[in-house]
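Chain and residue survey
If you want the building blocks of each chain, they are given just below.
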Amino acid sequence: MSRKESPKTAISFTDQEALNFHQEGRPGKLEISPTKPMATQRDLSLAYSPGVAVPVRAIAEDPSRAFDYTTRGNLVAVISNGTAILGLGNLGALASKPVMEGKAVLFKRFADVDSIDLEVDTQDVDEFINAVRYLGPSFGGINLEDIKAPDCFIIEQRLRELMDIPVFHDDQHGTAIIAAAGLINALHLTGRDMKTTKVVCNGAGAAGIACIELIKAMGVSHENVTLCDTKGVIYKGREEGMNQWKSGHAIETGNRTLYDAMKGADVFFGVSVKGALTQDMLRAMAPNPIIFAMANPDPEITPEEAHEVRDDAIVATGRSDYPNQVNNVLGFPYIFRGALDVRATTINDAMKVACAEALARLAREEVPDEVAAAYRGSRPKFGPEYIIPVPFDPRLIHAIPPAVAQAAMDSGVAGRPIVDMEAYKHELSARRDPVAGTLQRIFSKVRQQPKRVVFAEGEEEPVIRAAASFVNQGLGEAILIGREDEIKSMALQAGVEIDRPGIRIQNARVSNRNADYAAYLYARLQRKGYLLRDCQRMVNNDRNYWGAIMVARGDADAMVTGLTRNYSVALDTVQSCLDVKPGHRMIGVSLALARGRTVLIADTAVIDMPTAEELADIAEEAAHVARRLGYEPRVAMLAYSTFGHPKGERSEKVQEAVRILDRRRVDFEYDGEMAADVALNMDKMGVYPFCRLKGPANILVMPAFHSASISTKMLQELGGSTVIGPLLVGLDKPVQIVPMGAKDSEIVNMAAIAAYNVT
């Protein structure tokens, strides 16, 4: 798995950016948040003493009730001693903590599994085992990480014997499972049979041993697998550099070198080092060779190098900038999700094989729009360059855990079987993090089609950092507006390198476009009381005018601003320079994420007291944005009343907006007027059987700008929701305005959204 991108990849970052990311706000990447109310004395009495005594007694009588009354059933410990930290080696337990926190974040992001990292400060195998074995009552599973071989084999095996919960060393099995999924599909494409396929694996560490053990469990014969290490082929009778795990895979063969083994081989598994597979070795392989070059961060051979000599090769790597990425995040979150949900006592071979087969099946299915949106102008299709699903495929959450859970039930290790598998799949879909998925798709699409984005407030440190990050992530060119000496001085002070390709500075006062921009603005404003010299002064002194005109004149593709200006002030400037797209209405749409549910709220920025006609327009515009972001719109037209009660003039305006949508025959679900709780709660909606919405609304059209703005800010500050936006939509050229005081990461997000163009 490529957990740290190679410097050659499209996604890169400076050391300082990585440090800032981990240091900003609360240091680290995790926090603990209560799931029950803690507002009153009664709440506290129930949560602790004396109320907590009741579940304590219940668990003492029946230990399985711990899954009902505590977090144990959704809690995984990520544990390491830091003896093999990603590609960095043995740097110790404490140094491994950022990686383990990151793993915990991935558990939550992809499968809604809660996780806590534990760093055990010992390199003694027995001490490590004794430290972990007694943690069973606290957790539903143990994920071992970054432990050197052969210690990891011993530790995992003994802990599996000692504990009655799943113990899983992801560095071994994660890579093996994803590679096995790719192998299933590659064999299918090349017409091979698993039983007769000849495999060479270079690398006899944790991942290499796990890879060949899994593919043997899937049907590859022992005699057809050749394992190699730095000393060559592992053959029967070899003594140098051997251990019991290598010996278990030794075969009778006269081959002694990797080159010897590669002659006539069908498949190469590489979990070794850059350049280990040469073009001469590749030439010696069988027709339609299958290459899994998974060395981290640089593969044993690159796809370009492979295809120079074998255009019939199917190539997978650990890199995100090449097709067919072997990425562990496709496996471990979903494996634990399925294992936890059936209270499995272990993760066995049947569950690993089920995961690999489910991943292989998913890659053969037609991809949804959410995945297709990340590819330049074409929809990925099962074939040599698409044998493994991509990590942001929204179907993973409801495709992989059920397969793992079913395998656990079939193999007799499930403590609580799932009765209704279809209902379980729907439940899993609700756990997905839609905003994170949406941002991932936006970033991926922009990387495929990089844009020139104006960062209007170019002398501000957060903007300079954001511009550098935008370029480092391969999103396009960043144009900083401001005085060159001031920008360079601030960048130097902030430790940001901006003298590099992809970052450009523009000073309005010295630009050869100055007169043209002033004339453009004057043509737009001359009948609104402005003189040419007024427009010249505005272009010279206000960077928002300059940036917006750059976009209007085609000298840039998009713009982001707002850090130092009130939203309405920045919006007035933008409106002076840009027109509304024909057939559209300019509005603000905010994305609010709370407990896995994403809701679009409109209009949160532009129209103060909309008429019925404007409310209908807002609904259509918001529905268009929802579809652009990958959601099927379900619109609720909100009011203080629900379907006529209580009556009021403002509610009548919302009712008229619904009738206007009826006349327009729009192609999305909508209804109203209704209160917010009815729109978002199916139980309350059920009181009104005539309601047209088939589920909770995901677009809320507010009756006025003030109610929209107030509600989103309250959600963010009091409700703990994540709010992105308002996104400015409806203009003929993309501009986004960030909140005043935004962090550099928020500026980058909005710059990417501007480049993506949500309208």
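Residues numbered from 1 in each chain as written. Predicted model: local features only at pLDDT ≥ 70, side-chain atom pairs only at ≥ 80, totals over all residues. Heavy atoms only, no water.

For the rest of this paragraph, the subject is the UniProt feature "binding site: NADP(+)" (unreviewed entry) in the protein chain. Taken from the UniProt record, the annotation "binding site: NADP(+)" (unreviewed entry) applies to I85, L86, G87, L88, G89, N90, L91 and G92. Tracing the sequence through the fold places L88 in the loop between strand 1 (75-80) and helix 5 (97-111). With respect to the secondary-structure elements, L91 resides in the loop between strand 1 and helix 5. For L91, the residues in contact, after removing those within four places along its chain, are G82 and I85. (UniProt positions renumbered as here; feature names shortened; annotations may be inferred. Helix = DSSP H or I, 4+ residues; strand = E, 2+ residues; numbered from the N terminus. Contact = heavy atoms within 4.5 Å.)

Turning our attention to the sheet that holds strand 8 (residues 267-270). Here we have six strands laid out as an open sheet, ordered 7-6-5-8-9-10, and mixed in their pairing. Two strands close off the open sheet at either side, each with one partner strand: strand 7 (232-233) and strand 10 (314-317). As paired elements, strand 5 (residues 199-202) and strand 8 share four bridges and run parallel to each other. Of the residues in strand 8, the one forming a bridge with C201 is F269. Across the face of the sheet, helix 8 (residues 170-190) comes into contact with strand 8, strand 9 (290-293) and strand 10 while running at roughly 160° to strand 9. (Pairing = 2+ DSSP bridges. Axes fitted to C-alpha atoms, helices over the stretch in contact; angles between N-to-C directions.)

A separate point is the nonpolar core. If you look at the biggest cluster of nonpolar residues, it comprises 101 residues, and the most contacted ones within it are I142, L144, I177, F269, F292, M351 and L359. With ten residues, the single largest contributor to this core is helix 8. (Core = buried A, V, L, I, M, F, W, Y, C linked by side-chain atoms within 4.5 Å. Buried < 20%, exposed > 50% of the residue type's maximum accessible area, 1.4 Å probe, protein only.)

Pairing geometry for strand 12 (residues 476-481) and strand 13 (residues 503-506), over four bridges, is parallel. Within strand 13, the residue paired with I479 across the bridge is R504. Taking the sense of rotation as the criterion, the β-α-β connection linking strand 12, helix 21 (residues 484-494) and strand 13 turns out right-handed. (Right-handed = clockwise from strand over helix to strand, strands pointing away.)

Under the definition given, this model contains zero disulfides. Between C228, a cysteine without a disulfide, and C201, which holds the nearest cysteine sulfur, the sulfur-to-sulfur distance is 8.1 Å. Using a relative accessible area of 0% as the deciding quantity, one classes C228 as buried. In this structure C355 is not part of a disulfide, and its nearest cysteine sulfur, from C211, lies 13 Å away. (Disulfide = S-S within 2.5 Å.)

This next bit is on the environment of G482. Inspection of the secondary structure puts G482 in the loop between strand 12 and helix 21. Taking relative accessible area as the criterion, G482 reaches 4% and is therefore assigned buried. Along the chain, G482 and V496 lie 14 residues apart, while their C-alpha atoms are 16 Å from each other.

Attention shifts here to helix 31 (residues 744-756). An α-helical turn contains 3.6 residues, so any two residues separated by three or four positions project in the same direction. With 13 residues, helix 31 should reach 18 Å at 1.5 Å per residue; the first-to-last C-alpha distance of 18 Å fits that figure. Buried residues dominate helix 31, accounting for ten of its 13 residues. One or two positions beyond helix 31, positive phi appears at N757, with a value near 65°. (Expected span 1.5 Å × (residues − 1).)

The UniProt record marks E145, D146, D171 and N296 with the feature "binding site: a divalent metal cation" (unreviewed entry), using the residue numbering of this structure. For E145, a relative accessible area of 1% corresponds to the buried category. Here the side chain of E145 touches K103 through a polar contact of 2.5 Å, side chain to side chain. By secondary structure assignment, the location of D171 is in helix 8. Using a relative accessible area of 16% as the deciding quantity, one classes D171 as buried. (Polar contact = N/O pair within 3.5 Å; in protein donor to acceptor, adjacent residues only side chain to side chain.)

The next thing to look at is the packing of helix 8 against helix 15 (residues 349-364). Put simply, helix 8 and helix 15 touch, their axes get as near as 8 Å, and they point 45° apart. Taken together, the axes of helix 8 and helix 15 lie oblique to each other. Crossing geometry of helix 8 relative to helix 15 is assigned as right-handed. Here helix 8 contributes H173, I177, I178, A180, A181, I184 and N185 to the contact with helix 15, which in turn contributes K352, C355, A356, E357, L359, A360, A363 and R364. When grouped by side-chain class, the residues that make up the contact of helix 8 with helix 15 number ten nonpolar, two polar and three charged. (Parallel < 35°, antiparallel > 145°, perpendicular 65-115°, else oblique. Left-handed = near helix turned anticlockwise from the far one by under 90°. Nonpolar A, V, L, I, M, F, W, Y, C, P; charged D, E, K, R; others polar.)

Taken together, the six bridges between strand 1 and strand 2 (residues 114-119) define a ladder with parallel strand orientation. Residue pairing for strand 2: S80 is matched across the bridge by E119. This β-α-β element, strand 1 to helix 5 to strand 2, shows right-handed connectivity.

Now for the sheet that holds strand 1. By way of backbone hydrogen bonds, the strands of a sheet pair with one another, either parallel or antiparallel. If you walk across this open sheet you meet the four strands as 2-1-3-4, and the pairing is parallel. Two strands lie at the open edges of the sheet, namely strand 2 and strand 4 (167-169), each paired on one side alone. Shown here is a sheet whose adjacent strand axes are inclined to one another by a mean of 25°, direction ignored. Pairing geometry for strand 1 and strand 3 (residues 141-144), over four bridges, is parallel. When the sheet's bridge partners are listed, V76 is paired in strand 3 with G141. Contacts from helix 14 (residues 332-341) reach strand 1, strand 3 and strand 4 within the one sheet, and its direction differs from that of strand 3 by about 160°.

Attention shifts here to the pattern of salt bridges. All chains considered together, the criterion is met by 49 salt bridges. One salt bridge in this structure joins R513 and D516, with 3.3 Å as the shortest N-O distance. Residue D516 is classed as partly exposed on the basis of its relative accessible area of 24%. In this structure, the salt-bridge partner of D542 is R565, at a minimum N-O distance of 3.4 Å. Residue D542 is located in the loop between helix 23 (532-541) and helix 24 (543-552), and its partner R565 is located in the loop between strand 14 (558-561) and helix 25 (567-577); the two are separated by 23 residues in the primary sequence. (Salt bridge = Lys/Arg side-chain N within 4 Å of Asp/Glu carboxyl O.)

Relative to the assigned elements, V342 resides in the loop between helix 14 and helix 15. Judged by its relative accessible area of 0%, V342 falls in the buried class. Along the chain, V342 and E457 lie 115 residues apart, while their C-alpha atoms are 53 Å from each other. Those residues in contact with V342, other than ones at most four positions away along the chain, are A405, A408, M409, A414, G415, R416 and I418.

What follows deals with unusual backbone geometry. Across the junction of S49 and P50, the peptide omega takes the value 5°, indicating a cis bond. With omega at 10°, the peptide bond leading from G725 into P726 counts as cis. When you line up the elements, P726 lands in strand 20 (residues 722-729). The backbone of N288 shows a phi angle near 55°, a positive value even though the residue is not glycine. Within the element layout of this structure, N288 appears in the loop between helix 12 (279-283) and strand 9. We classify N288 as partly exposed; its relative accessible area is 34%. The backbone phi angle of R665 is positive, close to 55°, even though this residue is not glycine. Among the structural elements, R665 can be located in the loop between helix 27 (649-664) and strand 18 (669-674).

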